[in-house]
Amino acid sequence: MNSLERSLQVGLVSSLIALMFVFWWTTTLGSRLLIESFVYRTLEAEAKSVVSTLELSEGGLRLGNYKLNPAYETPVSGDYFVVQQGTQQLLSRSAWDQFFSLPDMVPGQQHKSRLQGVSGEPLLVWSGGFNREGHEFTISVAKNIAPIEYRLRVFQWFAAIIAALLLAASLGVQRWIVRGSVQKLDAIRQDMLKLEHGKAVSLSEDVPSEIAPLVTEFNRLLRRFDQRLRQSRNAVGN
């Protein structure tokens, strides 16, 4: 036998689960995209800082004596840059153990990518083409985002727990609401018992609007049956 309450519960539970999954997915995806966008903007700013330190020499470009991010001087620091002009490459000390295959880019061209370092660590790489005093070159700046991804995973678990708690609370509230709505039908059942024992002649029409037409039609049938019963009694009496 079909249960109206069960049908409502199943429909609402399915909707809430889908809604909470969409909430979790959009939250985690949005946070990842936001963080990656911030990292790329930071890498672009770092690339421009590297450009400002470059000096022209007889052999081409060389790094000046300007101070950059100290992480570029520490091997395997997770922050790297490569300046490429033709076959010449200038690497930060931190990038000596890394391998970067960079395409030559025209001034103004930019490219964002995701690579793996020599140890398998995830790297976000920003590359751009520059021109300085007639010298065209390409700069790529990379950052190890393994620590960021770890924090993102922690955030994803946190968001999943929040979504689960919201789901549990929503399921409790909707179960209470559905139960309260279905229990309003008990008044009709009580009226039916009164009709059975002759304590009432019709059903109360003080019911939810969704079933009011059914109750009204049932009362109309009761009056019709009562009228026919009286006609039958009169005919028998005659």
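For the structure, check the block above.
Since we're looking at a predicted model, the values are computed, not measured. (Residues numbered from 1 in each chain as written. Predicted model: local features only at pLDDT ≥ 70, side-chain atom pairs only at ≥ 80, totals over all residues. Heavy atoms only, no water.)

(A) Seen up close, the side chain of Thr-28. Inspection of the secondary structure assignment puts Thr-28 in helix α1 (residues 4–53). In this structure Thr-28 comes out as buried when scored by relative accessible area, which is 6%. Here the side chain of Thr-28 touches Trp-24 through a polar contact of 3.0 Å, landing on its backbone oxygen. Aside from chain neighbours lying at most four places away, what touches Thr-28 is Gln-156 and Ala-159. (Helix = DSSP H or I, 4+ residues; strand = E, 2+ residues; numbered from the N terminus. Buried < 20%, exposed > 50% of the residue type's maximum accessible area, 1.4 Å probe, protein only. Polar contact = N/O pair within 3.5 Å; in protein donor to acceptor, adjacent residues only side chain to side chain. Contact = heavy atoms within 4.5 Å.)

(B) Region of interest: the pattern of salt bridges. Within the structure shown, the criterion is met by six salt bridges. In this structure, Glu-44 engages Lys-48 in a salt bridge whose closest nitrogen and oxygen atoms are separated by 3.8 Å. A residue pair is termed a helical-turn pair when its members lie 3 or 4 positions apart in one helix, as Glu-44 and Lys-48 do in helix α1 at four residues. Ionic pairing is found between Asp-79 and Lys-143, a salt bridge with its closest N-O pair at 3.2 Å. Residue Asp-79 is found in strand β3 (residues 79–85), and its partner Lys-143 is found in strand β7 (residues 135–144); the two are separated by 64 residues along the sequence. Counted as one network, the salt bridges with shared partners bring together Arg-32, Glu-36, Arg-114 and Glu-149. (Salt bridge = Lys/Arg side-chain N within 4 Å of Asp/Glu carboxyl O.)

(C) Local environment of the side chain of Glu-36. With respect to the helices and strands, the residue Glu-36 is situated in helix α1. Given a relative accessible area of 17%, Glu-36 falls into the buried group. One polar contact links Glu-36 to Arg-114, side chain to side chain, over a distance of 3.1 Å. In this structure, Glu-36 is in contact with Arg-114 and Leu-124, ignoring residues within four places of it in sequence.

(D) How the structure looks around the nonpolar core. Within the largest apolar cluster, 18 residues are counted, with the highest numbers of intra-cluster contacts made by Leu-43, Val-83, Phe-137, Ile-139 and Val-141. Listed by contribution, the elements that provide at least two residues to this core are α1, β3, β6 (122–132) and β7. In terms of residue count, α1 provides more of this core than any other element does, six residues in total. Every residue in contact with Val-141, bar those within four places of it in the chain, is listed here: Leu-43, Glu-46, Ala-47, Tyr-72, Tyr-80, Phe-81, Leu-124, Val-125 and Trp-126. Counting residues in hydrophobic clusters, the runner-up holds five residues, among them Tyr-80, Leu-123, Val-125 and Ala-142. (Core = buried A, V, L, I, M, F, W, Y, C linked by side-chain atoms within 4.5 Å.)

(E) Representation of the pairing of β7 in the model. Pairing of β3 with β7, which is carried by six bridges, proceeds in the antiparallel orientation. Bridging from a neighbouring strand, Val-82 pairs with Ser-140 of β7. Sheet topology places β6 next to β7; 10 bridges connect them, and they run antiparallel. Counterpart to Gly-129 in the pairing with β7 is Thr-138. (Pairing = 2+ DSSP bridges.)

(F) The packing of aromatic side chains, seen in detail. A complete count under the given rule lists four aromatic pairs for this structure. Measuring from centroid to centroid gives 6.1 Å for Phe-21 and Trp-24, while their planes differ by 35°, and the two rings are tilted. Remark: Trp-24 and Phe-21 occur in helix α1; sequence separation between them is three residues, near one turn of the helix. Judged by relative accessible area, which is 51%, Phe-21 ranks as exposed. Trp-24 gets classed as partly exposed once you look at its relative accessible area, which sits at 26%. The interplanar angle of 50° and the centroid separation of 6.3 Å between the aromatic rings of Trp-126 and Phe-130 together place this pair among those described as tilted. The burial state of Trp-126 is the same as that of Phe-130; both residues are buried. Site record: aromatic cluster; members linked through ring pairs are Trp-126, Phe-130 and Phe-137. (Phe/Tyr/Trp six-rings, centres within 6.5 Å; stacked < 30°, edge-to-face > 60°.)

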